[in-house]
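Examination of the molecular architecture
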Amino acid sequence: MTRARTTALTALAAVGAVGVGAAVWGIGIERYLFTLRTHEVKVLPAGSPRLTVLHLSDAHMAPWQRRKQRWIAALAELKPDLVVNTGDNMGHVDGLTGLRSAFDPLRSVPGVFVHGSNDHAAPSPRNPLRYFTGPSKSHTTAEPLDTGALDSYFRDELGWLDLNNGVGSLVVSGQRVDALGVSDAHRHWDRLEALPGPLERLRATGDAALTIGVSHAPYRRVLDGFVDLGADAIFAGHTHGGQVRLPGYGALVANCDIPLDQARGLSEWSHGGRTVPLNVSAGLGHSIYAPVRFACRPEASFITLLPVDG
C-alpha cells in the first residue's frame, strides 16, 4: 500500500470517528443536558418592582420522556411571576400525559400560550437532512392531535391565557401585563390584522406596566407587527436554536426568516424607530424522528424584567 493511500485511509477513518463521536454525543448525551438560561432586561416603567418570566417552548413531549418532565417540573422551584409558553408542546398523540407531569407544578403561576403546528398534528417520519434544505413544510398525512384537550388543560386547569390571534390582560405580582399573540406563523395561521381592534379596546380599560408579544415562529412580519402594536418585549420559539449548531459559527438554519444570529437567545428587534428585547428559545425537545441536539442544549429561559431606572 502506498504512503498516499495509507494517509488517505487514515484521514477517512479519522473523519468517520469524528462523525460517530458527534452522533453519539448529540443523540445519546446532549439532548438530555437541559439548561436554564438567565437574563436581565430593563423594560419596566421607572420605579416598578421586578417581574420574573419563565419562557418555555418546543417541549415536543412524548409520554415516556420522564427525564424531561422531571426537569421542567422542577422549574416551579424558581417561583416565576409569569410563564410564557410559545408552543409545540405536543410530540406524540399521548403527549398531554407527559405535559401534565411537567406543568402541573406551575398551576399557581399566571401564564400565556400560543400554538405551534405540533400542537395540532403529530410529527411524522421524514428525512432529517431535509431540515437543512429550507423551512419545513406541512404533511397532510400527519396524525391530528387533540388540541382541544391541550387548550382546556392550559386554560381551565392551569389558568393560562390563550393568545392565539388574540389579546388579553392579566395581573402579575400586582402589575397589569397586556399581551398579544398569534398562532403558528410557520403555517401561516397568524392573523396580525385581527389584533389592533381588540388591543385598542383593551387599552381603553387602563394602562399596563408591560405589553408582551408572543409567537411560536419568529417570522419578521410578526416581529415587525408586534413592535408596531406597541409590544415592549417579544417571546418566540420554533427554531430549536438551529438544533445542530457548529461551534464557533452557530445555527445553520432557523426554519424561518429570522437572521441566523438571532435564532437562539436574547437579542433586540427594531422596526419603525422602536427597538425591543426579543427572546427566542432554543426549546426543550425535538421531534421523536430527529432525536439529536449538537452544540445546542435543550433549554428554558428565566428572564428578570427590571425597571428602566433599576
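Before reading on, note that the structure itself is shown above.
Residues numbered from 1 in each chain as written. Predicted model: local features only at pLDDT ≥ 70, side-chain atom pairs only at ≥ 80, totals over all residues. Heavy atoms only, no water.

On to the layout of surface pockets. There is about 190 Å³ of room inside the second largest pocket. Lining the second largest pocket are Arg-31, Tyr-32, Phe-34, Trp-64, Gln-65, Arg-67, Lys-68, Leu-284, Gly-285, His-286, Ile-288 and Pro-291. Counted by class, the lining of the second largest pocket contains six nonpolar, three polar and three charged residues. (1 Å grid on protein atoms, 1.4 Å probe; cavity = no way out; pocket = protein on both sides within 12 Å on 5 of 7 lines; lining within 4 Å. Points joined across faces, edges and corners; volume = space filled by probe spheres on them. Nonpolar A, V, L, I, M, F, W, Y, C, P; charged D, E, K, R; others polar.)

What follows covers the environment of Leu-210. Mapped onto the fold, Leu-210 is located in strand 8 (residues 210-214). Aside from chain neighbours lying at most four places away, what touches Leu-210 is Val-43, Leu-44, Arg-176, Val-177, Asp-178, Asp-232 and Leu-305. (Helix = DSSP H or I, 4+ residues; strand = E, 2+ residues; numbered from the N terminus. Contact = heavy atoms within 4.5 Å.)

By the secondary structure assignment, His-55 is in strand 2 (residues 51-56). A polar side-chain atom of His-55 sits 2.9 Å from a polar atom in the side chain of Thr-86. Among the polar contacts made by the side chain of His-55, one reaches the side chain of Asn-279 at a distance of 2.9 Å. Once you skip the residues sitting within four places of it in the chain, His-55 turns out to touch Val-84, Thr-86, Phe-235, Ala-236, Asn-279, Ser-281, Ala-300 and Ser-301. (Polar contact = N/O pair within 3.5 Å; in protein donor to acceptor, adjacent residues only side chain to side chain.)

Remark: helix 2 (residues 66-74) packs on helix 3 (residues 95-103), axes separated minimally by 7 Å, with the N-to-C direction vectors making an angle of 35°. Note on element contacts: helix 3 touches helix 2 through Gly-98, Ser-101, Ala-102 and Phe-103, opposite Gln-69, Ile-72 and Ala-73. (Axes fitted to C-alpha atoms, helices over the stretch in contact; angles between N-to-C directions.)

This brings us to the packing of aromatic side chains. Aromatic ring pairs are reported here in terms of the distance separating the ring centres and the angle at which the planes meet. Following the criterion strictly, the structure yields six aromatic pairs and no others. A ring pair is formed by Phe-103 and Trp-160, whose centres lie 5.8 Å apart and whose planes are at 50°; its orientation type is tilted. Placement of the pair is Phe-103 in helix 3 and Trp-160 in the loop between helix 4 (147-157) and strand 5 (161-162), with a sequence separation of 57 residues. Overall, Phe-103 belongs to the buried group, its relative accessible area being 0%. Classification of Trp-160 as buried rests on a relative accessible area of 3%. (Phe/Tyr/Trp six-rings, centres within 6.5 Å; stacked < 30°, edge-to-face > 60°. Buried < 20%, exposed > 50% of the residue type's maximum accessible area, 1.4 Å probe, protein only.)

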